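# Summary of structural features
Here's the letter readout for the chains.
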Amino acid sequence: MQTSLLQKLKAVILILIGFFVLVSCLMKASKPKSPNILFISVDDLRPELGVYGVEDIKTPNMDKLASEGAIFLNSYANVPICGASRASMLTGLRPAGKVTLRGASCRSDKSAEGYATFPEYLKQNGYHTISNGKVMHIQEDSPQAWSEPAWRASTNKIAGIHYYNDYNDWVNPESGENLKIYKGKREGPVGPFYEITNVEDEAYHDGQICNKTIQDLKRLSKTVKPFFLACGFWRPHLPFNAPKEYWDLYDRDSINLADNRFKPENLEWIKSSQELPQQYARTEGFPDDENFHKLAKHAYYASVSYIDALVGKLMKSLEETGLAKNTIVVLWGDHGFHLGEHNLWGKHNMMDRSLRAPLLFKYPGKSGLRLTQLVDFIDIYPTLCEMTGLPVPAHCEGESLKKIIENPTAEHKESLYMNFGTLYSVKTKEFLYTERITEENDVKKIMLFDHKKDPNENRNVVGSPEYQDAVDKLSKQLQNAFF
C-alpha cells in the first residue's frame, strides 16, 4: 500500500516537472526575438535621391525603401569627413566632445577608447555582428565590435589614398593608360576619377560586398541569435567607377547642373576637399569648365544608381529569406558632397552640401513617413538601442529617433552641432552658423546662412546688422556646446 502511494506520488511529481518544463519551453518559444538590423552605409552620398525631390537621378530601390519606412529630410553629419563622421556616428559622440574625433585618419576603436561602438554594444548584449565593406574607416576596422573578422573586398592597407596598382577598383585596361603620380604623403600612380566599363555588378568591390552580404543573410536566416549586419558600400566615393549600364541610364546633356556656380556673396574664403584634382587623373577642366561639370555629375549619378541597384538586391534577399518582418533597415550616407555648387567638388567644409546626407529607417509597422525634424547622426546609436530594447549607454550624446518615428509630430532637437578641425558650426531650422577658432584662441565669426531665405547659401550674412542678434545667440550656443 505504502509502495503504491509512493509510486503514485512519483508519477505526479514527474507529471508536474514535465508540465513546468513544457510551460517554460512554450514561454521561451513565444518570447519575441529581438529585431535584426541591416545597416547600409553609403560613402559620400548626399540627399541626391528621387525621394528627396531630385528629378534627374534614378534611384528606384532607395526610393522604395524610404516609402516603406521613414525618411529624415533634415539629417546632418556631425563632421564632413569619412573617418571622423563614422567614428562619431558609431560611438554616439559629437566630434571634439568627450573624445576627439577629428581627421580622416581617426580610428573609431582608439579615438573613442572606453566607449563601445554600437556594434560592440549589441555584441555584448547577445547579437551576432558582421562587418562587410567600408563600415569603420580604417582597414583594420575594430575587431572587438564583430563576431566574425571584418570583411573587405579590397586588400589595400592604405585608407584614403587610392593608388591605381594597389586599390584595384579599376577594371578597364584603358584606365591604366591614364595615370598620374600623386605626390602626397606617399607617392604613387593614381587612376582616372571615373570609369565606364561593360561589366557585371560583381566586377567592382561594391558588387562583391553586396554578394557577401546576401550570403550572410541566407546563413543568418537559419540561426536563432539576432544579428547586426553592416554593409558598407564605397560608391559614390571617388573614383566614380560603375558598370556601363548605369551610365546609360542618363543623357549627360539633360542632367541639370548647379545654377550657383559662383562664390557666395560676402564670403572671402571657402573651399572643398581637393582629393579629386590631387588624387585622380583625367581631371581636365576642374573645377569650373562646363564640360567637366557635366562629366563629373554624370559620373556621380551613375555611381549612385549602381549602389541603388545593389540596395535593391539586398532588399529582395531580405524578403526571400523571410527576414524582412523582423529586421530594422538603416541606410545612411556618412556626409554630403558638393556637385559643382559654388564651383566646389567634394566635402570638407561647413556648408549645407557637405553636411547634409540621407538617413532612412525601415522600422516594422511604420511606412510612408517624411520627417522634417532636425536630426544628426549621433542620434542613430540611441535609436537602435531603444528599437532593440536595450538601455542607452550614459556616454551617448544623441537623442533617440524612435519617438518621432512613432509620433511624426513630436519635437526633437532645436540645434545640431558640427566640428571640422578649427571650424565649429550650429544648425537650426533657420540658420547655419560657423566660427573659426584661431591658434591664439580668437573666435572668428565667418559664416551665417539664412536657410529660410537662402537655402542654396548664395549670400553670407554674418556681418549684416539685421542678423547681429542671431549671430550673438548662435555664438553663445557654440561656446556652451564645445567649450
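Residues numbered from 1 in each chain as written. Predicted model: local features only at pLDDT ≥ 70, side-chain atom pairs only at ≥ 80, totals over all residues. Heavy atoms only, no water.

Turning our attention to the pairing of strand β13 (residues 369–376). Along a regular strand, successive side chains alternate from one face of the sheet to the other. Counting buried residues along β13, 6 of its 8 residues qualify, which places the element largely inside the surrounding structure. Across 6 bridges, strand β2 (residues 70–76) lies against β13 in parallel orientation. Each residue of the ladder has a partner; that of alanine 70, found in β13, is leucine 369. (Buried < 20%, exposed > 50% of the residue type's maximum accessible area, 1.4 Å probe, protein only. Helix = DSSP H or I, 4+ residues; strand = E, 2+ residues; numbered from the N terminus. Pairing = 2+ DSSP bridges.)

Another aspect to go through is the sheet that holds β2. Strands sit in the order β3-β7-β1-β9-β12-β2-β13 across an open sheet of 7 strands; the sheet is mixed. The outermost strands of the open sheet, each flanked by one partner alone, are β3 (128–133) and β13. Neighbouring strand axes in the sheet, compared pairwise and without regard to direction, differ in orientation by 15° on average. In this structure, strand β1 (residues 36–42) lies alongside strand β7 (residues 227–233), joined through 6 bridges in parallel fashion. Directly across from leucine 38, in β7, lies its bridge partner leucine 229. (Axes fitted to C-alpha atoms, helices over the stretch in contact; angles between N-to-C directions.)

What follows is about unusual backbone geometry. When glycine is set aside, most residues are seen to have a negative phi, and most peptide bonds are trans. Cis rather than trans, the peptide bond between leucine 238 and proline 239 has omega equal to -5°. Secondary-structure assignment places proline 239 in the loop between β7 and β8 (240–243). The linkage connecting phenylalanine 286 with the following residue, proline 287, adopts the cis geometry, with an omega of 5°. Structurally, the position occupied by proline 287 is in the loop between α8 (275–279) and α9 (290–320).

Another aspect to go through is the pattern of salt bridges. Pairing is possible between side chains of opposite charge, provided their charged atoms come close. Taken as a whole, this structure holds 28 salt bridges when the rule is applied. Across the pair glutamate 320 and lysine 316 runs a salt bridge, and its minimum N-O distance is 4.0 Å. Note that glutamate 320 and lysine 316 are positioned in helix α9 at a spacing of 4 residues, about one turn of the helix. Here glutamate 320 falls in the exposed class, since its relative accessible area comes to 59%. Linked by salt bridges that have partners in common, Asp43, Arg86, Lys134 and Asp334 make up one network. (Salt bridge = Lys/Arg side-chain N within 4 Å of Asp/Glu carboxyl O.)

This part is about the packing of helix α6 (residues 205–220) against α9. Running from N to C, α6 and α9 point in directions that differ by 10°, and their axes come no closer than 10 Å. One way to sum up the angle between α6 and α9 is to call them roughly parallel. Packed against α6, whose contacting residues are Asp206, Gly207, Cys210, Thr213, Ile214 and Leu217, the element α9 presents Tyr306, Ile307, Leu310, Lys313, Leu314, Ser317 and Leu318 at the interface. Of the residues that constitute the contact of α6 with α9, the class distribution is 8 nonpolar, 3 polar and 2 charged. (Parallel < 35°, antiparallel > 145°, perpendicular 65-115°, else oblique. Contact = heavy atoms within 4.5 Å. Nonpolar A, V, L, I, M, F, W, Y, C, P; charged D, E, K, R; others polar.)

The subject of this paragraph is the packing of aromatic side chains. All chains considered together, the criterion is met by 26 aromatic pairs. Between phenylalanine 39 and phenylalanine 118, the aromatic rings sit 5.7 Å apart at their centres with planes inclined by 65°, giving edge-to-face as the arrangement. Here phenylalanine 39 is found in strand β1, whereas its partner phenylalanine 118 is found in helix α4 (residues 118–124), with 79 residues between them in sequence. With respect to burial, phenylalanine 39 and phenylalanine 118 carry one shared label: buried. Positioned above the aromatic ring of phenylalanine 482 is the side chain of arginine 94, whose terminal nitrogen or guanidinium carbon lies 5.7 Å from the ring centre. (Phe/Tyr/Trp six-rings, centres within 6.5 Å; stacked < 30°, edge-to-face > 60°. Lys NZ or Arg CZ within 6 Å of the ring centre and 35° of its normal.)

Of all 8 residues making up helix α11 (residues 380–387), 7 are buried, and the element is well covered by its neighbours. Those residues of α11 lying buried are Ile380, Tyr381, Pro382, Thr383, Leu384, Cys385 and Met387. Looking one or two places after α11, you find glycine 389, whose phi comes out positive at around 80°.

Once that is clear, we can look at the pairing of β7. Among the 7 residues in β7, 7 count as buried, and that is most of the element. Because side chains alternate across β7, one face comprises the buried residues Phe227, Leu229, Cys231 and Phe233, and the other comprises Phe228, Ala230 and Gly232, equally buried. Relative to β7, β3 runs parallel, the two sharing 6 bridges. Looking at β7, one finds that threonine 129 is bridged to phenylalanine 228.

Before going further, it helps to examine helix α13 (residues 468–482). Taking 1.5 Å per residue, 15 residues should reach 21 Å; α13 reaches 21 Å between its end C-alpha atoms and fits that length. Three or more residues of α13 are buried, namely Ala470, Val471, Leu474, Ser475, Gln477, Leu478 and Phe482. Buried residues of α13, viewed axially, fall in a sector of 160°; they line one side. Summarising the geometry of α13, the exposed residues directed more than 90 degrees from the buried face are Asp469, Lys473, Lys476 and Asn480. Buried-residue contacts for α13 involve β14 (416–420), β15 (423–427), β16 (431–437) and β17 (443–450). (Expected span 1.5 Å × (residues − 1). Arc of directions from axis to C-beta.)

Strand pairing in a sheet takes place through backbone hydrogen bonds and is either antiparallel or parallel in direction. As summarised here, the arrangement of the 4 strands in space is β14-β15-β16-β17, forming an open sheet in which the pairing is antiparallel. Pairing within the sheet leaves two strands with one partner each, and these edge strands are β14 and β17. The average undirected angle you get between the axes of adjacent strands in this sheet is 15°. Against the sheet, α13 makes contact with β14, β15, β16 and β17, and its axis sits at roughly 60° relative to β16, the strand it touches most.

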